[in-house]
Amino acid sequence: MNRDHVAARAGSPALGSLVAFVLLAVLAGTVVAQGGGTLFGDRELLDWSLAHRPDLVVTLARAVTHTGTGFVPYALLALAGFLLGQNARQRIQAAAAGLVCLVAAQAVRFSVMALLSRPRPDTAHWATDAGHWSFPSGHTTTSAVTAGLLALTVWIRAPRGRLPIAAAVGCWGVLVGLTRVYLGVHWFSDVVGGWLFALWWLGLTAYGVARFAPDAWADLLRGDGNGARGMLSRRIPGPGSTAEFARGKVGITPESHYGVPPTSAALPGVDCHDRAAEADRFALPPERDISQR
């Protein structure tokens, strides 16, 4: 995969990142214009949450919302790095890159939060602890960034069932954000802002990797090596060795694995290699001897 093709494949993340950034900027500007007040659906969803809070559901919501911060997201990213790498060095590098991506996202997100200084809903509505300002939601941003990186890892490395696993990871990221509204510590627009921030950051990260580390981006796109197999020409049965690609490496399959070559493999004008050798019809130099190829 050449650099031009890698750059072309990076266009989609760049475009998605740009769209998410524009939407996030529009939403943030609306929050500022409203003086930090409620936006579309904020008050209605909070009122609905207050009217539907059985104890069991609140307990489950608290359990889910706590997975969006603290130790869990960083442990998941370390696991993603372990799965993405193919050896110890690559696993450490992948895990470190994921952690740096999340830490940097948190730093930028906190700066935006402090700049806008949007108040949270009234503390009388809270069903869990919360701190700092409201927009964008920290739990939502953290879980969405983590879910995006983990889903990418699953999509690349899972031998089977990648779609349902990646979908489950994505649902977890969405659910964490919704619990913030249900527990009364965020407005719904805060959660939407967190999702847009995560999409922008993930797209920006993907573009940065493709732009400044094209070899690493090509390795991600190639995944487990399936994409490289089509680069070889169609195999022709017969004597000789065959090259195969597996995880970016070339392996040589001995001719003994293929048994006796069929008649169709014989060269034009020669019925069989053995007969040609016995009849000694041709006096070929050693480097041209087809029986040694």
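Keep in mind that what you see is a predicted model, and the values were worked out from it rather than measured.

Analysis parameters
Residues numbered from 1 in each chain as written. Predicted model: local features only at pLDDT ≥ 70, side-chain atom pairs only at ≥ 80, totals over all residues. Heavy atoms only, no water. Helix = DSSP H or I, 4+ residues; strand = E, 2+ residues; numbered from the N terminus. Buried < 20%, exposed > 50% of the residue type's maximum accessible area, 1.4 Å probe, protein only. Core = buried A, V, L, I, M, F, W, Y, C linked by side-chain atoms within 4.5 Å. Axes fitted to C-alpha atoms, helices over the stretch in contact; angles between N-to-C directions. Parallel < 35°, antiparallel > 145°, perpendicular 65-115°, else oblique. Left-handed = near helix turned anticlockwise from the far one by under 90°. Contact = heavy atoms within 4.5 Å. Nonpolar A, V, L, I, M, F, W, Y, C, P; charged D, E, K, R; others polar. Phe/Tyr/Trp six-rings, centres within 6.5 Å; stacked < 30°, edge-to-face > 60°. Patch = residues over 30% accessible without salt bridge, like charges linked within 9 Å, V, L, I, M, F, W, Y side chains within 5 Å. Areas by Shrake-Rupley, 256 points an atom, 1.4 Å probe, with all protein chains shown as cover. Salt bridge = Lys/Arg side-chain N within 4 Å of Asp/Glu carboxyl O. Expected span 1.5 Å × (residues − 1).

Participant: Just to check I follow, could you spell out the environment of Asp-122 for this structure?
Facilitator: Within the secondary structure, Asp-122 sits in the loop between helix H6 (88-116) and helix H7 (138-157). Looking at Asp-122, the relative accessible area reads 48%, which means it is partly exposed.

Participant: Which parts of the structure should I look at to understand the nonpolar core?
Facilitator: Note that soluble globular proteins tend to have their nonpolar side chains buried in a common cluster. In this structure, Leu-27, Phe-135, Val-145, Leu-149, Phe-197 and Trp-201 are the most contacted members of the largest nonpolar core, which totals 21 residues. Looking at this core, the elements with two or more residues in it are helix H2 (11-33), H6, H7 and helix H9 (188-212). With seven residues, H9 is the largest single contributor of residues to this core. Core analysis: the next-biggest nonpolar cluster, separate from the first, contains eight residues, Leu-150, Ala-166, Val-169 and Trp-172 among them.

Participant: Looking at this structure, I do not really get the packing of H6 against H7. What am I missing?
Facilitator: When two helices pack together, their arrangement is captured by the angle between the axes and the distance separating the axes. Contact pair H6 / H7: the axes reach a minimum separation of 10 Å and the direction vectors enclose 155 degrees. The pairing of H6 with H7 is recorded here as roughly antiparallel in orientation. Read as a crossing pair, H6 and H7 show a hand that is right-handed. Listed contacts from H7 to Gly-98, Cys-101, Leu-102, Gln-106, Arg-109 and Met-113 of H6 are Gly-138, Thr-141, Thr-142, Val-145, Thr-146 and Leu-149. Among the residues making up the contact of H6 with H7, the classes are represented as five nonpolar, six polar and one charged.

Participant: What exactly am I supposed to notice about the packing of aromatic side chains here?
Facilitator: To describe a pair of aromatic rings, one takes the distance between the centres and the angle between the planes. Applying the stated criterion across every chain, the model contains five aromatic pairs. Ring geometry for Phe-21 against Trp-200: centres 5.5 Å apart, planes inclined by 45 degrees, an arrangement best described as tilted. On the criterion of sequence distance, the pair formed by Phe-21 in helix H2 and Trp-200 in helix H9 is long-range, its members being 179 residues apart. Classification of Phe-21 by relative accessible area gives partly exposed; the value is 40%. Classification of Trp-200 by relative accessible area gives buried; the value is 15%. Taking 5.3 Å as the distance between ring centres and 80 degrees as the angle between the ring planes, the aromatic pair formed by Phe-197 and Trp-200 counts as edge-to-face. Of the two residues, Phe-197 and Trp-200 are both situated in helix H9; the distance of three residues between them amounts to about one turn of the helix. A residue is classified by how much of its surface remains accessible, and Phe-197, at 1% relative accessible area, is buried. Ring pairing ties together the aromatic residues Phe-21, Phe-197, Trp-200 and Trp-201, which thus form one cluster.

Participant: Looking at this structure, how should I read a nonpolar patch on the surface?
Facilitator: Together, Leu-15, Leu-18, Val-19, Phe-21, Val-22, Leu-23 and Val-26 make up a nonpolar patch on the protein surface, roughly 640 Å² of accessible area in all. Looking at the element boundaries, Leu-18 is found in helix H2.

Participant: Please explain the side chain of Thr-141 as it appears in this structure.
Facilitator: In this fold, Thr-141 is placed in helix H7. By relative accessible area, Thr-141 is classed as buried at 1%.

Participant: What is the right way to read H7 from this model?
Facilitator: Within an α-helix, residues lying three or four positions from one another point in the same direction, as the helix has 3.6 residues per turn. Compared with an ideal rise of 1.5 Å per residue, which puts 20 residues at 28 Å, H7 spans 29 Å between its outermost C-alpha atoms and is within 8% of the ideal. Counting buried positions along H7 gives 17 out of 20 residues, so the element sits mostly inside the fold.

Participant: Help me understand the pattern of salt bridges, please; the structure alone is not making it clear to me.
Facilitator: Side-chain pairing between opposite charges can occur once the charged atoms of the two side chains come close. All chains considered together, the criterion is met by two salt bridges. Note that Asp-42 is salt-bridged to Arg-118, the shortest N-O span being 3.2 Å. One end of the pair, Asp-42, is in helix H3 (residues 42-51); the other, Arg-118, is in the loop between H6 and H7, with 76 residues separating them in the sequence. Arg-118 shares its class with Asp-42; the two are buried. The salt bridge involving Asp-190 is made with Arg-118; its shortest N-O contact spans 2.7 Å. Note that Asp-190 is positioned in helix H9 and Arg-118 in the loop between H6 and H7, a separation of 72 residues in sequence. Among the residues examined, Asp-190 registers a relative accessible area of 0% and is labelled buried. For Arg-118, a relative accessible area of 0% gives the class buried.

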